[in-house]
Amino acid sequence: MSEKRTELEQLGEFGLIKHLTKNFTPKHSNTTYGVGDDAAVIAISDKESLLISTDMLLEGVHFNLMYMPLKHLGYKAVAVNVSDICAMNGIAEQITVSLAVSNRFPLEALDELYEGIKTACDVYNVDLVGGDTTSSLTGLSLSITVVGRVQNEKISYRNGAKENDLVVTTGDLGGAYMGLQVLEREKNVFNANPDIQPDLDGHDYIIERQLKPEARVDIIEFLKELDVVPTSMIDISDGLASEILHLCHSSEVGCHIYDEKLPIDAKTSMTAIEFNLDPNTCALNGGEDYELLFTVAQSDYDKIKGNPHMTVIGHITNKADGIYYIDKNASAIELRAQGWDHFND
Ligand code: ADP
Ligand code: MG
């Protein structure tokens, strides 16, 4: 290694991935799509492809065992992987689970973790087919790889959005972030005075959004029934704003997203206000909702418009028009990458 030292935060997470992978070109003709989407696409026939994606969760970085029960952690780890397969419009079928664990954890703790993994495997109809187990000096880390399947004509990449397409999000946004705020607040209260019981009353919905997110496999089913193939799709793991930027940059388009259209549950809004936060900012920048963000051709509008799980939040424009968030006063605010350097995420 030379003397030169470049700090990782200068590149940001995505700059780093780009840098590290820039010299890798596919050697196999069945490698349809490598780095850069929610899952890699590997052709298995003229009709079908395999989808592969990996996600790693580290104690102290992605989860805190003080408020994240191990059963929930196991469930969430599977759900977020299945979500990446959904984001390609595919169906997850298998997972492998790799575990690094310190001797701080007894067998019973790992049993609990695997109970959550098992429940998720049953809910999402996936098979656990392998993994790796090793010791760790610093706590628990969990890496899951998921394999899925998709018909070639149905694959939704991040790069297919076209001018005039509608931008759609599923479910509601910002809840997982507000759930985390409540859990953090109660953790701080508890640390200051362990005699005080956590006060989570009335926050069940948002806490569940944080601790037990679901992959939107139901949406993939709806899209199939409605005969709609999104022109582009991504799952909302880092926050709506960040995912919109990914879609627009990959597709080389611009967009207009409307503040007043963002779907936010009343419980999320109320908690945001209690925390002196703007609910829309939480919906835009809070992560971990694991909803799907996709674009559809205008001609598909009639098929999706009545669906209570889908909300049109804007439309795609020409790249030169830029990526804008239109607020209630009709002022256009340019969306910029936020929280890029996820070295604390
Ligand atoms: P997601 O948020 O959907 O999980 P990421 O932002 O983690 O996706 O990753 C974006 C893309 O970069 C994916 O195609 C992923 O496989 C790839 N990627 C991430 N880290 C690495 C790495 N260290 N080496 C090679 N590819 C990577
Ligand atoms: Mg993703």
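Residues numbered from 1 in each chain as written. Chains lettered and ligands numbered in written order. Predicted model: local features only at pLDDT ≥ 70, side-chain atom pairs only at ≥ 80, totals over all residues. Heavy atoms only, no water.

K.L.:
Got a minute to help me understand a nonpolar patch on the surface in this structure?
P.N.:
Taken together, the side chains of M56, L58 and V61 make up a nonpolar region of the molecular surface, amounting to roughly 240 Å² of accessible area. As for its position among the elements, V61 is in the loop between β3 (48-58) and α2 (70-86). (Patch = residues over 30% accessible without salt bridge, like charges linked within 9 Å, V, L, I, M, F, W, Y side chains within 5 Å. Areas by Shrake-Rupley, 256 points an atom, 1.4 Å probe, with all protein chains shown as cover. Salt bridge = Lys/Arg side-chain N within 4 Å of Asp/Glu carboxyl O. Helix = DSSP H or I, 4+ residues; strand = E, 2+ residues; numbered from the N terminus.)

K.L.:
Is there a simple way to think about the site of ligand 1 in this case?
P.N.:
Around ligand 1, the neighbouring residues are F14, I17, T21, V35, G36, D37, D38, D55, D84, R158 and S237. For ligand 1, an oxygen atom lies 2.8 Å from a polar atom in the backbone of G36. D84 is positioned such that a nitrogen or oxygen atom in its side chain is 3.0 Å from an oxygen atom of ligand 1. Contact with the protein chains hides 62% of the accessible area of ligand 1, taken as 560 Å² for the molecule alone. (Near = heavy atom within 4 Å. Polar contact = N/O pair within 3.5 Å; in protein donor to acceptor, adjacent residues only side chain to side chain.)

K.L.:
Got a minute to help me understand the coordination of the magnesium ion (ligand 2) in this structure?
P.N.:
Octahedral metals with six donors have ideal donor angles of 90 or 180 degrees. Tetrahedral metals with four donors have an ideal donor angle of 109.5 degrees. Only D38 (OD), D84 (OD) and D235 (OD) from the protein reach the magnesium ion (ligand 2) as donors, at distances of 2.1 Å. Ordering the donors of the magnesium ion (ligand 2) by residue number gives the pattern D-x45-D-x150-D. Here D38 is found in the loop between β1 (31-33) and β2 (40-43), whereas its partner D235 is found in strand β8 (residues 232-235), with 197 residues between them in sequence. With relative accessibility at 6%, the residue D38 sits in the buried group. (Donors = N, O, S within 2.8 Å, 3.2 Å for Na, K, Ca; no water. Buried < 20%, exposed > 50% of the residue type's maximum accessible area, 1.4 Å probe, protein only.)

K.L.:
What's the story with the pattern of salt bridges in this structure? I'm lost.
P.N.:
One side chain can pair with another of opposite charge once the charged atoms of both are near each other. Per the stated rule, a full pass over the model turns up 22 salt bridges. The closest approach of N and O atoms between E59 and R104, which form a salt bridge, is 2.5 Å. Placement of E59 in the loop between β3 and α2 and of R104 in the loop between β4 (91-101) and α3 (107-123) is noted, with a sequence separation of 45 residues between them. A salt bridge links R209 to D289, with the shortest nitrogen-to-oxygen separation between them at 3.9 Å. With R209 in helix α5 (residues 204-211) and D289 in the loop between α9 (279-285) and β10 (292-296), this residue pair connects regions lying 80 residues apart in the sequence.

K.L.:
What is the right way to read the packing of aromatic side chains from this model?
P.N.:
Where two aromatic rings form a pair, the distance of their centres and the angle of their planes describe that pair. The full count for this structure, using the stated rule, is two aromatic pairs. Here the aromatic rings of Y33 and Y157 are separated by 5.0 Å at their centres, their planes lie at 35 degrees, and the arrangement is tilted. Pair noted here: Y33 is in strand β1 and Y157 is in the loop between β6 (141-151) and β7 (166-170), with a separation of 124 residues, a long-range link. Measuring from centroid to centroid gives 6.0 Å for Y75 and Y124, while their planes differ by 45 degrees, and the two rings are tilted. Of this pair, Y75 sits in helix α2 while Y124 is found in the loop between α3 and β5 (127-135), placing the two residues 49 residues apart along the sequence. Above the ring of Y75, the side-chain terminus of K212 is found at 4.5 Å from the ring centroid. Just above the ring of Y205 sits the side chain of K267; from NZ or CZ to the centre is 4.8 Å. (Phe/Tyr/Trp six-rings, centres within 6.5 Å; stacked < 30°, edge-to-face > 60°. Lys NZ or Arg CZ within 6 Å of the ring centre and 35° of its normal.)

K.L.:
Can you help me understand the sheet that holds β8 in this one?
P.N.:
Sheet strands associate in pairs through backbone hydrogen bonding, adopting either a parallel or an antiparallel arrangement. Pairing is mixed in the open sheet, where seven strands are placed in the order β8-β10-β7-β11-β9-β12-β13. The open sheet has two edge strands with one neighbour each: β8 and β13 (332-334). Taking the axes of each pair of neighbouring strands and ignoring which way they run, one obtains an average angle of 25 degrees across the sheet. With four bridges connecting them, β7 and β10 associate as antiparallel partners. In the strand pairing of β10, V168 is matched with F294. Relative to the sheet, helix α7 (residues 240-251) contacts β8, β9 (254-258), β10, β11 (310-317) and β12 (323-326), its axis offset from that of β8 by approximately 150 degrees. (Pairing = 2+ DSSP bridges. Axes fitted to C-alpha atoms, helices over the stretch in contact; angles between N-to-C directions. Contact = heavy atoms within 4.5 Å.)

K.L.:
Before we go on, may I ask you to explain the side chain of S136 in this structure?
P.N.:
Position of S136 among the secondary structure elements: in the loop between β5 and β6. Among the residues examined, S136 registers a relative accessible area of 16% and is labelled buried. For S136, the contacting residues outside a window of four places in its chain are A100, V101 and S102.

K.L.:
Could you clarify how one ought to interpret the sheet that holds β4 in this entry?
P.N.:
Strand order across the open sheet formed by six strands is β1-β2-β3-β6-β4-β5, with mixed pairing between neighbours. Of all strands in the sheet, those bounded by a partner on one side alone are β1 and β5. Each strand axis lies, on average, 20 degrees off the axis of its neighbour in the sheet, ignoring direction. Each of β4, β5 and β6 is contacted by α3, which is oriented at about 170 degrees to β4, the strand it contacts most.

K.L.:
Looking at this model, I keep getting lost on the side chain of N89. Mind explaining?
P.N.:
Considering the arrangement of structural elements, one finds N89 in the loop between α2 and β4. Here the side chain of N89 touches K154 through a polar contact of 2.9 Å, landing on its backbone oxygen. N89 has contacts with V150, K154, S156, I220, L223, V229, P230 and M233, leaving out every residue within four places of it along the chain.

K.L.:
Mind showing me how you'd approach the packing of α2 against α3 here?
P.N.:
To describe two helices that pack against each other, one gives the angle between their axes and the distance between the axes. Their axes nearest at 7 Å, the elements α2 and α3 cross at an angle of 40 degrees. By the angle between their axes, α2 is oblique relative to α3. For the pair α2 and α3, the crossing hand works out as right-handed. Residues L70, K71, L73, G74, Y75 and V78 of α2 form the contact with α3, whose own contacting residues are A109, E112, L113, E115, G116, I117, T119, A120 and V123. (Parallel < 35°, antiparallel > 145°, perpendicular 65-115°, else oblique. Left-handed = near helix turned anticlockwise from the far one by under 90°.)

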